[in-house]
Amino acid sequence: MTAPYKNVHQAIEYTSDRQLKNIGEKILNKQRINQEDGVYLFEKGTLAFLGALANWVREEKHGHKTYFNRNFHIEPTNVCVFDCKFCSYSRLYAHKEEGWELTIDDMLNIVKKYDGQPVTEVHIVGGVHPKMTLQFFCELLKTIHEHRPDLHLKGFTPVELDYMFRKAKLSITEGLQMLKDAGLQSLPGGGAEIFHPDIRKQICEDKVDADGWLAIHKTAHQLGMHSNATMLFGHIEQYWHRVDHMEKLRQLQDETGGFNTFIPLKFRNKDNAMSHVSESSVVEDLKMYAVARLYMDNFPHLKAYWPMLGRQNAQLTLSFGVNDLDGTIDDTTKIYSMAGSEEQSPSMNTAELVTLIKQVKRQPIERDTLYNEIKDYSNIDVYAQETNAVLN
Ligand code: V47
Ligand code: SF4
């Protein structure tokens, strides 16, 4: 897929641009690239050149291994006090009648639907409801943990956490410690968007800022939790804003080592206050993943979130640095389908996800949240009847 080059050495050799050659040499020598290099790659790197380099880094780190997770999502509410312009989901002001807020029993019933199924993680994230407190979420975590102690509880973005902790008049450390004691094990990557204040001011002015986001993840890492980090790309930001965002994450990762995965999220423009902004092309998306793989040298994993990209494009990213396709999720996840992702009802079972990975000659590995390997599907026929009985 990274043709026309035979390999990364040829990609560098055939490039006449001096600066690209230098950056390519740095990558091969496992030297860190700087912000100027990052912007230059976006501006001048061809898709084939970036792909050859990113694929080399990916294979150095993980060979052909491509991870996925069996998880499900709980969205406690779509009511939100904030007003992010890209959000197609929040229902506080517009379409109030479409708002939902789940009780602890409702959410326990969602968990119970997965009783007896081999899921390993629940991902809890939603809007910021003024009445859903830290106490409420501690109760929720305890209830889920009591019912199903083997499930890894991953939940809450700094947007939700900052609001909860302020309301409870607690420090970040105190608030996170309470959630941890209630069963929270890691944080997902959401709410990061683009860190630079010039962009944040235009797209998500009223929620936690970059320093607040980073402080919460840093504290989580200090308390022994792992987390992910996202970046919402392909809207009004420029390349240097993306690099600035990645730089801040790379610096924090140097300090704590607590991030597992970087997840670039492609902006989708349906039914939100940024519908006039065009979506990026597939080529731009693939370049984004490739530059992320090259820049985020201290992040072990790079994830493409397939419900947002669509299956075929997600499959393409596996040749541009990506080594993780998130998970098998079901149609309870609304935030993406409402924003116009190709996957209107995103669901893919294990057999389909494994097949998608095998079609591009990669090695499908089921993992848990912390990337412990659960099962290698390389030699398993996922459509054999006896396998299917075990899978689903
Ligand atoms: O922060 C909202 C994004 C994020 C749109 O950590 C949109 O494993 C595109 O962070 N177009 C939340 N994106 C989701 C998230 C996530 C997803 C999957 C896995 C993990 C993980 C984290 O969704 C928000 C925002 O950046 N988002 N609206 C939109 N119109
Ligand atoms: Fe609220 Fe999150 Fe939507 Fe922003 S993106 S309005 S914080 S639900």
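Nothing here was measured: the structure is a model prediction, and the numbers come from that model.

Caption draft 1: Up close: the pairing of strand β8 (residues 324-328). Burial of β8 is extensive: five of the five residues sit out of reach of the surface. Relative to β8, strand β1 (residues 65-74) is paired through three bridges, and the arrangement is parallel. Directly across from N69, in β8, lies its bridge partner G327.

Caption draft 2: How the structure looks around the site of ligand 1. Residues in close proximity to ligand 1 total 23 residues, the closest being K154, G189, G191, E193 and K303. A distance of 3.2 Å is found between an oxygen atom of ligand 1 and a backbone nitrogen or oxygen belonging to G190. A distance of 3.1 Å separates an oxygen atom of ligand 1 from a polar side-chain atom of N228. Compared with its free state, where it exposes 620 Å², ligand 1 has 97% of that area covered by protein. Elements represented by at least two residues in the shell around ligand 1 include exactly β5 (226-233) and β6 (259-266). Here the shell around ligand 1 is composed, by residue class, of ten nonpolar, seven polar and six charged.

Caption draft 3: Up close: helix α6 (residues 134-147). With 14 residues, α6 should reach 20 Å at 1.5 Å per residue; the first-to-last C-alpha distance of 20 Å fits that figure. What α6 keeps buried is the set L134, F136, F137, C138, L140, L141, T143 and I144. For α6, the secondary structure elements touched by its buried residues are β1, α5 (104-112), β2 (121-124), β3 (152-155), α7 (158-167) and α8 (172-182).

The rules behind each value
Residues numbered from 1 in each chain as written. Chains lettered and ligands numbered in written order. Predicted model: local features only at pLDDT ≥ 70, side-chain atom pairs only at ≥ 80, totals over all residues. Heavy atoms only, no water. Buried < 20%, exposed > 50% of the residue type's maximum accessible area, 1.4 Å probe, protein only. Helix = DSSP H or I, 4+ residues; strand = E, 2+ residues; numbered from the N terminus. Pairing = 2+ DSSP bridges. Near = heavy atom within 4 Å. Polar contact = N/O pair within 3.5 Å; in protein donor to acceptor, adjacent residues only side chain to side chain. Areas by Shrake-Rupley, 256 points an atom, 1.4 Å probe, with all protein chains shown as cover. Nonpolar A, V, L, I, M, F, W, Y, C, P; charged D, E, K, R; others polar. Expected span 1.5 Å × (residues − 1). Contact = heavy atoms within 4.5 Å.

Spatial relationships are all this shows, so hold off on functional conclusions.
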